[in-house]
Amino acid sequence: ACGLDAIGSDSLGRAEIDHNKCVSCGMCLVNCPFGAIADKGQIFQTIHAIKTGVPVYAAVAPAFVGQFGKDLTPERLRSALKELGFADMVEVAVGADLCTIEEARDFLNEVPQKQPFMATSCCPAWASMAKQLYPDLAPYISMALTPMVLTGRLLKRKHPGCKVVFIGPCSAKKLEASRTEIRSDIDFVLTFEEVAGMFTAKGVDFKKIAPDGELSNATADGRGFAVSSGVAEAVVNCIHEMEPGREVKVANAESLRDCRKLLDEARKGVYDGYLLEGMACPGGCVGGAGTMQSPTKAKGQILMTKKKSVLKNSLESTYKEDLEVLEERNG
Ligand code: SF4
């Protein structure tokens, strides 16, 4: 299951994870036949923060659609999270829109004049793997902040003093959020599975929850980040709005093993002029370690949500003006 061959055995034959290689994609966790591997949870820390009375906001990843069963529709999600004690929620698809705009700008400015190709940056496991195994190609990974970080910064700017909990499909985000430069943007990370446990423990009955209108102003393209090839599609759509007629060739890979093949080819010059999208999990984030639905079923529901979205292109994001300030903080 490990795309980085990071699992070996010690002298007694016991499984051992090489933490210098591991990028925390979580694939060992979902594939271990004995359920012997678990990641660290922050449910306790989240509940403790809620109990202190500080407003705690949920930043929910685009892959949430369909994860909590048919009764928890997107329209009911806000109310359901408030039942757990969250002050409010925002879709991380909002940050995905901002990430798209940044990556589209980067591509137009850099490829091919300053670099041969550009790789997307939103999957931390893919980006860490690329930096670790292909240091010569690392400068070609977009410097855009990830949707999680952009959403966290947006929330902290709008609600000073609040705490932000990222809720998503991803184990790698737990590692990303623990980095020193990001710690102030995201306080805790929970997976969908962990939040499902919180709903059960609190006895939240989704059927009794009244729909609470539209979620936020995320666009269809931002919501598409949850499925493989969705990130590249969003960036290409944005580039076409910014520079009509510009041809952008795209190649993508899902699972770390295939991502490595993609970068092997890129190193040989096969993808010069391309936009490359890498996702560590099969199917993209819908196949993440913290999901509960089959990736195929989840993908279908996400595509339906995209279709219903009023705003289509990331450039239509109503948060576009915030991007400059958020980037400033990035230095
Ligand atoms: Fe996380 Fe998505 Fe990357 Fe999987 S594909 S590691 S869920 S960001």
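Note: the structure precedes this text.
Residues numbered from 1 in each chain as written. Predicted model: local features only at pLDDT ≥ 70, side-chain atom pairs only at ≥ 80, totals over all residues. Heavy atoms only, no water.

Draft legend 1. Fine view of the sheet that holds strand β8 (residues 249-254). Reading across the sheet, the three strands line up as β5-β9-β8 and stay open at both edges, with parallel pairing between neighbours. Edge positions in the open sheet fall to β5 (118-119) and β8, since each of these has one partner strand only. Bridge count between β5 and strand β9 (residues 274-279): two bridges; the pairing is parallel. Residue Met-118 lies in a different strand from β9, and its bridge partner there is Leu-275. (Pairing = 2+ DSSP bridges. Helix = DSSP H or I, 4+ residues; strand = E, 2+ residues; numbered from the N terminus.)

Draft legend 2. Structural context of the pattern of salt bridges. Summed over the entire model, instances satisfying the criterion amount to 20 salt bridges. With its nearest N and O atoms 2.6 Å apart, the salt bridge here joins Arg-78 to Asp-88. Residue Arg-78 is located in helix α3 (residues 74-83), and its partner Asp-88 is located in strand β4 (residues 88-91); the two are separated by 10 residues in the primary sequence. By relative accessible area, Arg-78 is classed as buried at 12%. (Salt bridge = Lys/Arg side-chain N within 4 Å of Asp/Glu carboxyl O. Buried < 20%, exposed > 50% of the residue type's maximum accessible area, 1.4 Å probe, protein only.)

Draft legend 3. Spotlight on the site of the ligand. In the vicinity of the ligand, the contacting residues are Cys-123, Pro-124, Ala-125, Pro-169, Cys-170, Met-279, Ala-280, Cys-281, Gly-284, Cys-285 and Gly-288. With respect to the detected pockets, the ligand is housed in the largest cavity. Partitioned by chemical class, the residues of the shell around the ligand number nine nonpolar, two polar and no charged. (Near = heavy atom within 4 Å. 1 Å grid on protein atoms, 1.4 Å probe; cavity = no way out; pocket = protein on both sides within 12 Å on 5 of 7 lines; lining within 4 Å. Sits in = over half its atoms within 2 Å of the grid points. Nonpolar A, V, L, I, M, F, W, Y, C, P; charged D, E, K, R; others polar.)

Draft legend 4. Molecular detail of the sheet that holds strand β3 (residues 56-60). Ordered in space as β4-β3-β6-β7, the four strands form an open sheet in which the pairing is parallel. Edge positions in the sheet fall to β4 and β7 (188-191), since each has one partner strand and no second. Sheet twist, expressed as the mean angle between neighbouring strand axes with direction ignored, is 25 degrees. Direction of pairing for β3 relative to β4: parallel, over a ladder of four bridges. Bridge pairing in β4 links Tyr-57 to Asp-88. Against the sheet, helix α2 (residues 43-51) contacts β3, β6 (163-168) and β7, and its axis sits at roughly 120 degrees relative to β7. Sitting on the sheet, helix α8 (residues 192-202) is in contact with β3, β6 and β7, with an inclination near 80 degrees to β7. (Axes fitted to C-alpha atoms, helices over the stretch in contact; angles between N-to-C directions. Contact = heavy atoms within 4.5 Å.)

Keep in mind that these numbers describe shape and distance, not what the molecule does.
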